Amino acid sequence: MSGQRALPQSKEALLKSYQTRLKDDVKSILENFEETVKLARGEGDSQLSKTTQCEQDTYEMQVRAANIVRAFESLMKLVSDIKQYLILNDFHSVNEAIATNSQLFRATQRDCDKKLMKLRDEMALDLYDLEEEYYTKSG
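Heads up: these notes are all about the structure in this document. Nothing here was measured: the structure is a model prediction, and the numbers come from that model.

## Here we look at the pattern of salt bridges
Link 1 in the chain: Inspection of every chain in the model, using the stated rule, returns seven salt bridges.
Link 2 in the chain: Across the pair E60 and R64 runs a salt bridge whose closest N-O atoms are separated by 3.1 Å. With E60 and R64 both in helix α2 (residues 50–89) and four residues apart, the pair spans about one turn of that helix.
Link 3 in the chain: Where salt bridges share partners, they join R21, K77 and D81 into one cluster.

As structure tokens, then:
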């Protein structure tokens, strides 16, 4: 890490909060998924009747499925937040992209300038020839 610049505390705290959010969301997804699979297999001892247990398991699976969806939505929001952070804070990459595009545009401009100069010179020669032809015929 010695090669990297130290991040300001606010950015460091923000990145740590992103990491915490990621761990929490993934943990929630895994726990709810594992419990859903256990419920689907019918694992666990119960004193309830088979029908009542089935209804309760179905309800719990629906709640766990909703928790999984909520955790995935939270992950999508996290990805969006990280993208926004990168856009707002990755000036080095932005500067590199601007420099690359500037070089490309300068090269294109030089190419266009050369073509325009060549066209100008050709037109000047053609106009000179036309002018000479006009004056030699009229004289």
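## Structural notes on a nonpolar patch on the surface
Link 1 in the chain: Taken together, the side chains of L22, V26 and L30 present a nonpolar region at the surface, about 240 Å² in accessible area.
Link 2 in the chain: When you line up the elements, L30 lands in helix α1 (residues 9–41).
Link 3 in the chain: On the accessibility criterion, L30 (47% relative accessible area) is partly exposed.

## Let's talk about the packing of α1 against α2
Link 1 in the chain: Where α1 meets α2, the closest approach of the two axes is 9 Å, and the angle between their N-to-C directions is 160°. One way to sum up the angle between α1 and α2 is to call them roughly antiparallel. Helix-helix and strand crossings are classified by hand; for α1 and α2 the assignment is left-handed.
Link 2 in the chain: Residues belonging to the contact of α1 with α2 are distributed by class as follows: 16 nonpolar, six polar and 10 charged.

## Some words on the nonpolar core
Link 1 in the chain: Counting seven residues, the largest nonpolar core is built from Y18, I29, I68, A71, L75, L78 and Y85.
Link 2 in the chain: Put simply, the parts of the chain that give this core at least two residues each are α1 and α2.
Link 3 in the chain: Per-element tally for this core: the top contributor is α2, with five residues.
Link 4 in the chain: In this structure, I68 is in contact with I29, N32, F33 and T36, ignoring residues within four places of it in sequence.

## A word on the packing of aromatic side chains
Link 1 in the chain: Evaluated as defined, the whole model comprises two aromatic pairs.
Link 2 in the chain: With centroids separated by 5.3 Å and ring planes inclined at 70°, the aromatic side chains of Y134 and Y135 adopt a geometry described as edge-to-face.
Link 3 in the chain: On the basis of relative accessibility, which here comes to 53%, the residue Y135 falls in the exposed class.

## Remarks on α2
Link 1 in the chain: Between its terminal C-alpha atoms α2 stretches 57 Å, which fits the 58 Å expected from 40 residues at 1.5 Å a residue.
Link 2 in the chain: All of the buried residues in α2 are Q53, D57, R64, I68, A71, L75, L78, D81 and Y85.
Link 3 in the chain: Summarising the contacts, the buried residues of α2 are in contact with α1.

## Section: α1
Link 1 in the chain: Helix length check: α1 (33 residues) gives 48 Å between terminal C-alpha atoms against 48 Å at 1.5 Å per residue, within 8%.
Link 2 in the chain: Those residues of α1 not exposed but buried are Y18, D25, I29, N32, T36 and L39.
Link 3 in the chain: If you follow the buried residues of α1, they end up packed against α2.
Link 4 in the chain: The positive-phi residue at the C-terminal boundary of α1 is G42, with phi of around 80°.

## Description of the environment of L15
Link 1 in the chain: In this fold, L15 is placed in helix α1.
Link 2 in the chain: With a relative accessible area of 30%, L15 lands in the partly exposed category.
Link 3 in the chain: Sequence separation between L15 and Y85 is 70 residues, and the spatial gap between their C-alpha atoms is 9.2 Å.

Calculation notes
Residues numbered from 1 in each chain as written. Predicted model: local features only at pLDDT ≥ 70, side-chain atom pairs only at ≥ 80, totals over all residues. Heavy atoms only, no water. Salt bridge = Lys/Arg side-chain N within 4 Å of Asp/Glu carboxyl O. Helix = DSSP H or I, 4+ residues; strand = E, 2+ residues; numbered from the N terminus. Patch = residues over 30% accessible without salt bridge, like charges linked within 9 Å, V, L, I, M, F, W, Y side chains within 5 Å. Areas by Shrake-Rupley, 256 points an atom, 1.4 Å probe, with all protein chains shown as cover. Buried < 20%, exposed > 50% of the residue type's maximum accessible area, 1.4 Å probe, protein only. Axes fitted to C-alpha atoms, helices over the stretch in contact; angles between N-to-C directions. Parallel < 35°, antiparallel > 145°, perpendicular 65-115°, else oblique. Left-handed = near helix turned anticlockwise from the far one by under 90°. Nonpolar A, V, L, I, M, F, W, Y, C, P; charged D, E, K, R; others polar. Core = buried A, V, L, I, M, F, W, Y, C linked by side-chain atoms within 4.5 Å. Contact = heavy atoms within 4.5 Å. Phe/Tyr/Trp six-rings, centres within 6.5 Å; stacked < 30°, edge-to-face > 60°. Expected span 1.5 Å × (residues − 1).

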